[in-house]
Amino acid sequence: MDKVIFVTLMMADKMEKRHFPVENDSLTEYPGETYYAINSVLSNSIEKGDNIKVVLLETNAGAQAGKKNAQLFIDELNSFNTAGANISYEIITSEFINDKAKYKDLYKKLVNNFTEGAELYADITFGIKTLPILILNAMQFGEKFFDCTIGNVIYLKTEFKDGVIVDGSQCIFDLTPLYMLSTFTNNIECSSGERAIAALDALFEE
């Protein structure tokens, strides 16, 4: 299966391996430690014959740490590839931007990675706030025009005290249901707002 994985890179130095529990039973919890939460999710899902494209997004303000952290990601995911899947990597560097032309350029770089029927994943834990919006919109583009399916969209929750991570506070949140709600809103067709709300109520009752 073709898989496309979007990952926002940590731009700070000194990444540490940690065990990341999951918020609920929607994901299989990896018992070991990883640098990136998405690798915990992917650790048991890589299969022989998979063609995996990983798109790593960094910002140029933290490019030096970003390149180091990108290599940590690459080495880590490769270590989980015991099945012998084909994994390729692309690093996309962006700016702290507020410019329509640059948004368009970055968006096109994201959607150019799709193949027909690919399974899409995203880890939107790190990076500037505009990246998750672009990534999630790109994934909807993939669903609509490339018949892609959604694997998982995740976020790593972390609490800090005096600038230090609170032990035991890190937890993987599966944001896939929230993403699916956005897809529902964009795709639903109703003749009135009242009918749309009724359809939403029916969705929540499932």
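The rules behind each value
Residues numbered from 1 in each chain as written. Predicted model: local features only at pLDDT ≥ 70, side-chain atom pairs only at ≥ 80, totals over all residues. Heavy atoms only, no water. Salt bridge = Lys/Arg side-chain N within 4 Å of Asp/Glu carboxyl O. Buried < 20%, exposed > 50% of the residue type's maximum accessible area, 1.4 Å probe, protein only. Pairing = 2+ DSSP bridges. Helix = DSSP H or I, 4+ residues; strand = E, 2+ residues; numbered from the N terminus. Axes fitted to C-alpha atoms, helices over the stretch in contact; angles between N-to-C directions. Parallel < 35°, antiparallel > 145°, perpendicular 65-115°, else oblique. Left-handed = near helix turned anticlockwise from the far one by under 90°. Contact = heavy atoms within 4.5 Å. Core = buried A, V, L, I, M, F, W, Y, C linked by side-chain atoms within 4.5 Å.

Enquirer: Would you take a moment to explain the pattern of salt bridges for this structure?
Expert: Any two side chains of opposite charge can pair, given that their charged atoms come close. Following the criterion strictly, the structure yields 5 salt bridges and no others. The closest approach of N and O atoms between E16 and R18, which form a salt bridge, is 3.4 Å. Given a relative accessible area of 23%, R18 falls into the partly exposed group. A salt bridge links K67 to E58; the shortest N-O distance between them is 3.3 Å.

Enquirer: Quick question: what am I supposed to make of the sheet that holds strand 2 (residues 51-59) here?
Expert: By definition, the strands of a sheet pair up through backbone hydrogen bonds, in either a parallel or an antiparallel sense. Reading across the sheet, the 6 strands line up as 3-2-1-4-5-8 and stay open at both edges, with mixed pairing between neighbours. Whereas interior strands pair on both sides, the edge strands pair on one side only; in this sheet they are strand 3 (86-94) and strand 8 (171-174). Ignoring which end each strand starts from, the neighbouring axes of this sheet average 20° apart. Strand direction decides the pairing type here: strand 2 and strand 3, joined by 9 bridges, are parallel. By the bridge assignment, I52 is partnered in strand 3 with I87.

Enquirer: Even after reading the chapter, I still don't get the packing of helix 3 (residues 100-111) against helix 4 (residues 130-146), so can you show me in this structure?
Expert: Two quantities define a packed helix pair, namely the angle between the axes and the distance from one axis to the other. At a closest axis distance of 9 Å, the pairing of helix 3 and helix 4 adopts a crossing angle of 50°. Taken together, helix 3 and helix 4 sit at an angle that is classed as oblique. Handedness of the helix 3/helix 4 crossing: right-handed. Facing helix 3, whose interface residues are Y103, L106, Y107, L110 and V111, helix 4 presents T130, L131, L134, I135, N137, A138 and F141.

Enquirer: Could you clarify how one ought to interpret the nonpolar core in this entry?
Expert: Core analysis: the largest hydrophobic core is formed by 30 residues, its most contacted members being I38 and V54. Elements that contribute at least two residues to this core include exactly strand 1 (2-8), helix 1 (37-42), strand 2, helix 2 (63-80) and strand 5 (149-157). Top element by residues in this core is helix 2. It accounts for 6 residues. Among residues more than four places away in sequence, those in contact with I38 are I5, V7, F73, Y121, A122, D123 and I154. Among the nonpolar cores identified, the runner-up in size contains 23 residues, and I92, L120, L131 and I135 belong to it.

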